[in-house]
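Here's the letter readout for the chains.
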Amino acid sequence: MAELDISTKNCIVEQEGSVLIVTLNRPEAKNAFSPEMLLGMYKAWRLLEEDDSLMCAILTANGDTFCAGMDLKAGADGEHRSTEEFMELMGTVPNIHWQALLRDNRPNKPLILAVEGYALAGGTEILQGTDIRIGAENSIFGVTEVARGLYPMSGSTIRLRRQIPYCLAAEILLCGDHITAQQALDFGLINKIVPAGKTLEVAKEYAAKICANGPLAVRAVTRSLREHQECMSEEDAMLASDELANPVFASADAREGMKAFKEKRKAKFTGE
């Protein structure tokens, strides 16, 4: 696994085959968001979108807390953390923080989340921008902004009610309670619970399954999952889905997939 030069002090970006692995790296501050962390995440998602050799990404963290969200202590103390590059980028990409947190401009490739320990406030908000989510048995979730007199600005009031039943979303958002891994699984917020220390391993297993599939098909399915939501009529969503599907069926990968099935062998996809 090779570390990429877009890594920052608080966000390690590595490539393992066709998988991008993004690791939050501020364990001494419970991986609360910092400019250096946001900068690395922003660059990672743009690389994932633009590099055709990458099929998907895994988001994980170092330490015993996945992410505690915004650094409230720094805000309360008036402490200012920034990097020159981050501030310069904000001049041309004013929503760079929202892109980093997967609120805006998400990459059209699958994102797998591996959570160990607490994922609170922004930690659960960024969860909603991912596609497949693995939680350790000791993981704790929660959109806790209301308990601090704050508003969850990374999209939870929109996304959460679309991803789980309305009444459960309302309970999470309005009460600000912590949610156990089992509750998160029961609510449909995560896919699977695994033993502590095993989430990255299981995330890589999901990534391997995705990477074995046709790249064009994976990207088109991901776009449809993201773009064709409940706010569209079924008829409009079907038409939009067809627009994504037609190039996939006309591709060399589609022909190879059907040929491999007929010949009872593993397909050799090229992304063409």
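Presented here is an overview of the structure given in this document. (Residues numbered from 1 in each chain as written. Predicted model: local features only at pLDDT ≥ 70, side-chain atom pairs only at ≥ 80, totals over all residues. Heavy atoms only, no water.)

Let's talk about the pattern of salt bridges
Working step 1: In this structure the tally under the stated criterion is 9 salt bridges.
Working step 2: Taking the shortest distance from any N to any O, the salt bridge between Asp131 and Arg226 comes out at 2.7 Å. You can see Asp131 sitting in the loop between helix H5 (122-127) and strand S8 (132-136) and its partner Arg226 sitting in helix H10 (residues 215-227), a full 95 residues away along the chain.
Working step 3: Among the salt bridges present, the one from Lys198 reaches Glu201, with a minimum N-O distance of 3.5 Å.
Working step 4: With a relative accessible area of 42%, Glu201 lands in the partly exposed category.
Working step 5: A cluster of three or more residues bridged by salt bridges with shared partners is formed by Glu256, Glu263 and Arg265. (Salt bridge = Lys/Arg side-chain N within 4 Å of Asp/Glu carboxyl O. Helix = DSSP H or I, 4+ residues; strand = E, 2+ residues; numbered from the N terminus. Buried < 20%, exposed > 50% of the residue type's maximum accessible area, 1.4 Å probe, protein only.)

Let's talk about the sheet that holds strand S7 (residues 118-120)
Working step 1: The sheet built from 4 strands is open, its strands ordered S5-S7-S9-S10 with mixed pairing. Two strands in the sheet have a free side with no partner beyond their single neighbour: strand S5 (65-67) and strand S10 (179-180).
Working step 2: Taken together, the 2 bridges between S5 and S7 define a ladder with parallel strand orientation. Its bridge partner lying in S7, Cys67 is registered against Ala119. (Pairing = 2+ DSSP bridges.)

A few points about the sheet that holds strand S6 (residues 111-115)
Working step 1: Strand order in the open sheet formed by 7 strands is S1-S2-S3-S4-S6-S8-S11, with mixed pairing between adjacent strands. Of all strands in the sheet, those bounded by a partner on one side alone are strand S1 (2-3) and strand S11 (192-194).
Working step 2: Of the strand pairs in this sheet, strand S4 (residues 56-61) and S6 are connected by 3 bridges, and their pairing is parallel. Directly across from Leu59, in S6, lies its bridge partner Leu113.
Working step 3: Sheet contacts for helix H1 (residues 35-50): strand S2 (11-16), strand S3 (19-24), S4 and S6; angle to S3, the most-contacted strand, approximately 170°. (Contact = heavy atoms within 4.5 Å. Axes fitted to C-alpha atoms, helices over the stretch in contact; angles between N-to-C directions.)

Some thoughts on H10
Owing to its 3.6 residues per turn, the α-helix brings residues three or four apart onto one side.
Working step 1: Helix length check: H10, at 13 residues, gives a terminal C-alpha distance of 18 Å against a target of 18 Å (1.5 Å per residue), a fit within 8%.
Working step 2: The complete set of buried residues in H10 reads Val218, Ala220, Thr222, Ser224 and Arg226. (Expected span 1.5 Å × (residues − 1).)

Considerations on the nonpolar core
Working step 1: Ranked by internal contacts, the top residues of the largest apolar core, which has 49 residues, are Leu20, Met41, Trp45 and Phe66.
Working step 2: By residue number, the principal contributor to this core is H1, which donates 8 residues.
Working step 3: Apart from the residues lying within four places of it in its own chain, the contact partners of Leu20 are Leu4, Val13, Glu14, Ala44, Leu47, Leu48, Leu54, Cys56, Ala57 and Ile58.
Working step 4: Counting 16 residues, the second-largest nonpolar core is a separate cluster that includes Val19, Ile21, Val202 and Val218. (Core = buried A, V, L, I, M, F, W, Y, C linked by side-chain atoms within 4.5 Å.)

Quick notes on the packing of aromatic side chains
Working step 1: Summed over the entire model, instances satisfying the criterion amount to 0 aromatic pairs.
Working step 2: Looking at Arg103, its charged tip hangs above the ring of Trp98, at a distance of 4.3 Å from the centre.
Working step 3: Lying over the aromatic face of Tyr206, Lys209 brings its terminal NZ or CZ to 5.8 Å of the ring centre. (Phe/Tyr/Trp six-rings, centres within 6.5 Å; stacked < 30°, edge-to-face > 60°. Lys NZ or Arg CZ within 6 Å of the ring centre and 35° of its normal.)

Focus on the side chain of Ser224
Working step 1: By the element assignment, Ser224 lies in helix H10.
Working step 2: Overall, the relative accessible area of 18% leaves Ser224 in the buried class.

Quick notes on the side chain of Glu145
Working step 1: Mapped onto the elements, Glu145 comes out in the loop between strand S9 (140-142) and helix H6 (156-163).
Working step 2: The contacts of Glu145, once residues within four sequence positions are left out, are Ala121, Gly122, Glu125, Leu150, Tyr151 and Pro152.

Structural notes on the environment of Asn213
Working step 1: With respect to the helices, strands and loops of the structure, Asn213 is situated in the loop between helix H9 (199-211) and H10.
Working step 2: On a C-alpha basis, the gap between Asn213 and Phe269 in space is 7.5 Å, while along the polypeptide they are 56 residues apart.
Working step 3: If we skip the residues at most four places from it in the chain, Asn213 touches Met55, Val218 and Phe269.

As for H6
Working step 1: Regarding H6, the residues found buried are Ser156, Arg159 and Leu160. Each buried residue of H6 lies within a common arc of 95° when the element is viewed along its axis, so the set occupies one face.
Working step 2: For H6, the secondary structure elements touched by its buried residues are H5 and helix H7 (166-175). (Arc of directions from axis to C-beta.)

Considering the pairing of S8
Working step 1: Taking burial as the measure, the 5 residues of S8 include 5 buried ones, the bulk of the element.
Working step 2: Alternating positions in S8 separate into two faces, Ile132, Ile134 and Ala136 on one and Arg133 and Gly135 on the other, with burial throughout.
Working step 3: Alignment of S6 against S8, held across 4 bridges, turns out to be parallel. When the bridges of S8 are listed, Ala114 appears paired with Ile134.
Working step 4: Two elements, S8 and S11, share 3 bridges in a ladder whose sense is parallel. Across the sheet, Ala136 pairs through a bridge with Val194, a residue of S11.

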